[in-house]
Structure formats: structure tokens, C-alpha cells
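Observations on the model geometry
The residues making up each chain are set out below.
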Amino acid sequence: MAAAQSTRENRMTEAATLRDLAAMLASGKIEVVDLSGTLGPDTPLLKLPPALAKDTPKIEIHKISEYDSDGPFWAWNWLKLGEHSGTHFDAPHHWITGKDYPDGYTDTIPVKNFIAPVNVIDCSAESEKNHDFLLTADGVKAWEAKHGEIKAGEWVVMRTDWDKRAHSEALYLNADANGPHSPGPTPDCIEYILAKGVIGWGTQCIGTDAGQAGGMNPPFPAHNLLHKANRYGLASLANLDKLPAKGAILIAAPLKLVQGTGSPIRALALVAR
Ligand code: 23J
Ligand code: MN
């Protein structure tokens, strides 16, 4: 958007646009689509090779009271919850390549980066056939030839319909003796979209990288390259099958955790109907 001088006429036009938006949300002409999975003790969580690393703990929801002797008129819970649990946001400080950005934590990222247009690349058929399917730069270019160019400031998300497996951690992680098998990007895919100036990259799998990405060069290229560029990741997105290829607006705001490296989110999309 051109940073035009905000004249009185401009402000009136923009106020009218917001009124129109509110009316269209109320009438359903713009639909709000829920892109989050449920968050609880059964939410699938990443498993790393024990020799390499510690895992994020199981999610716990503990009751404080529910209209009882511990709180007669109220119900509330406390949580044990890793930052990188369920549908979540990856901040730049999550990865060593992004460690030095002052604005790379959940509490320091500019909030305007939490609302942006989203490009949805449908890889569901390929991913069903090949659980290790990798989206390449050429794959993204072919998608652009059909749907239009990816622009600076936009999200790119990979639709795999992997959310249909999230009811079972075994199905979701899809691991065998050789480790997890789930689709993701190649290094050149991430390099290509970063050159376009995207705000970030999202997937429907447990992380932003493919299951076999530990063996790529660099290891975990989505994490390595996105966060090196001070850009963001989204993981375990749901319901991407309900979005158009282009035209939706994605709202993905992490909790304002102090020096947080990520956070569960309630990801939402605004879609014209
Ligand atoms: C830590 C180490 C490796 C990976 C991840 C976290 C994630 O996917 C994540 O949730 O950011 S691959
Ligand atoms: Mn993460």
C-alpha cells in the first residue's frame, strides 16, 4: 500500500471501507474460517530423535475450580503448554539463524505483520500419493502461472489436508524406522518465496519443514531460511481446503509472551463468499 499522505478524503474513504467490512462480516458476505485445530492433551506434538534433543511436554489442562469448594461461582483452569504446540506461530528467535533480531520475539514483532493476504498452494493430491512430497520453487512458479504472482508482505501456505490426520498422533507424525514422513518445502522453495518478500510460510503438518527435513541442506530449511530472514512460520494449520487459492486474508497473532519463540494461535481467515 502506498504510504499516501492521509488526507481528510482518504480517511473518510478508509472509514467507509471499515464500515463495509463490518457489515459484510455481520451478513456473512465475508466468512471467518477457523484455521486452528483443537488444543488439549490429545493434540499431536513433535517428536525429535532423543539423542539430539529434548521434546516439548504433553499439554496439560488442570482445573482450578468449577463452581465448587475451590471457587464457588466460577470455573477456570491452568495450563502446561509448550510454545510450539498445536496450531502455532514460529518467531525468528526460534532458530539460531534468527537469534539476533530485536523484533524477532512474540512480544516484539510489529502487530501489523499478524494480518496479511494468503496464497494457498494445493498439494493435497501429491501429498496423499507421496507422504514425503516436497514443494519446489518450480512448483510455486507453476502455481503462480495459474493463479497469479505472490507479492511482498503475503503469506504462502501449503495445503496438504494433513489436518484430517490430526485426530491421531501416529497418523499425523506418520513415522517409521526412518523417521517421520510428512510433506514440506525444499530449500529452493523457501528461497524463492523469500526473494518475493513474503511475510512467512505455513503448513498443515507438525512443523513448517517436511518430516525428512533434518537430512536436507541446510537441515530444516524452512526454519533455517525463514528465521534468518526475520520471517515467520505457521504450523498445524487446519481447514485450508476451505480457502481460495488467492484473495483470503489470514489473521495469525501469537500470544505476547515475554521473549517468546512462538505461541499457539487461533488462526483465522477472512474469505469473500
Ligand atoms: C524444534 C526443532 C525442530 C523442529 C521444530 C522445533 C518445529 O517444527 C517447530 O515447532 O518449530 S522441526
Ligand atoms: Mn514451531
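Residues numbered from 1 in each chain as written. Chains lettered and ligands numbered in written order. Predicted model: local features only at pLDDT ≥ 70, side-chain atom pairs only at ≥ 80, totals over all residues. Heavy atoms only, no water.

**Some thoughts on the overall build of the chain**
Looking only at helices and strands, the chain has six helices and 15 strands in total. Its C-alpha radius of gyration of 20 Å places the chain within 12% of the 19 Å reference for a compact globule of 273 residues. Expressed as lengths along the three principal axes of its C-alpha atoms, the size of the chain is roughly 60 × 60 × 40 Å. Counting the 273 residues in the chain, one finds 44% classified as buried. Relative to all contacts within the chain whose residues are 6 or more apart in sequence, the contacts with residues 24 or more apart total 73%. With 26 positive and 32 negative side-chain charges, the chain shows a separation of 5 Å between the mean positions of the two kinds. (Helix = DSSP H or I, 4+ residues; strand = E, 2+ residues; numbered from the N terminus. Rg over C-alpha atoms; globule rule 2.2 N^0.38 Å. Buried < 20%, exposed > 50% of the residue type's maximum accessible area, 1.4 Å probe, protein only. Contact = heavy atoms within 4.5 Å. Lys, Arg positive; Asp, Glu negative; His and termini not counted. Charge placed at Lys NZ, Arg CZ, Asp CG, Glu CD.)

**Here's the deal with helix α6 (residues 221–228)**
Burial analysis of α6 places seven of its eight residues in the buried class, the great majority of the element. All buried positions along α6 are accounted for by Pro 221, Ala 222, His 223, Asn 224, Leu 225, Leu 226 and His 227. Residues of α6 that are buried in the fold lie against β4 (88–90), β10 (184–185), α5 (187–195), β11 (200–202) and β12 (232–235). Of the residues flanking the end of α6, it is Asn 230, one or two places downstream, whose phi is positive at about 60 degrees.

**Considering the state of the cysteines**
The tally for this structure, following the rule as stated, stands at zero disulfides. For Cys 189, which is in no disulfide, the shortest distance to another cysteine sulfur is to Cys 123 and amounts to 8.3 Å. Residue Cys 189 is classed as buried on the basis of its relative accessible area, which comes to 0%. (Disulfide = S-S within 2.5 Å.)

**Structural notes on a nonpolar patch on the surface**
A surface patch of nonpolar side chains, about 610 Å² in accessible area, is lined by Ile 64, Phe 73, Trp 74, Trp 76 and Trp 78. Among the elements that line the nonpolar patch, the one with the most residues is strand β3 (residues 71–80), at four residues. Locating Phe 73 in the fold gives a position in strand β3. The exposure class of Phe 73 is exposed, given its relative accessible area of 70%. (Patch = residues over 30% accessible without salt bridge, like charges linked within 9 Å, V, L, I, M, F, W, Y side chains within 5 Å. Areas by Shrake-Rupley, 256 points an atom, 1.4 Å probe, with all protein chains shown as cover. Salt bridge = Lys/Arg side-chain N within 4 Å of Asp/Glu carboxyl O.)

**Thoughts on the coordination of the manganese ion (ligand 2)**
His 84 (ND1), His 88 (NE2) and Asp 90 (OD) make up the full set of protein donors to the manganese ion (ligand 2), lying at 2.0 to 2.2 Å. Positions of the donor residues of the manganese ion (ligand 2), expressed as sequence spacing, correspond to H-x3-H-x1-D. Of the two residues, His 84 and His 88, neither departs from the other in class, the shared state being buried. (Donors = N, O, S within 2.8 Å, 3.2 Å for Na, K, Ca; no water.)

Any functional reading would require information beyond the geometric quantities listed.
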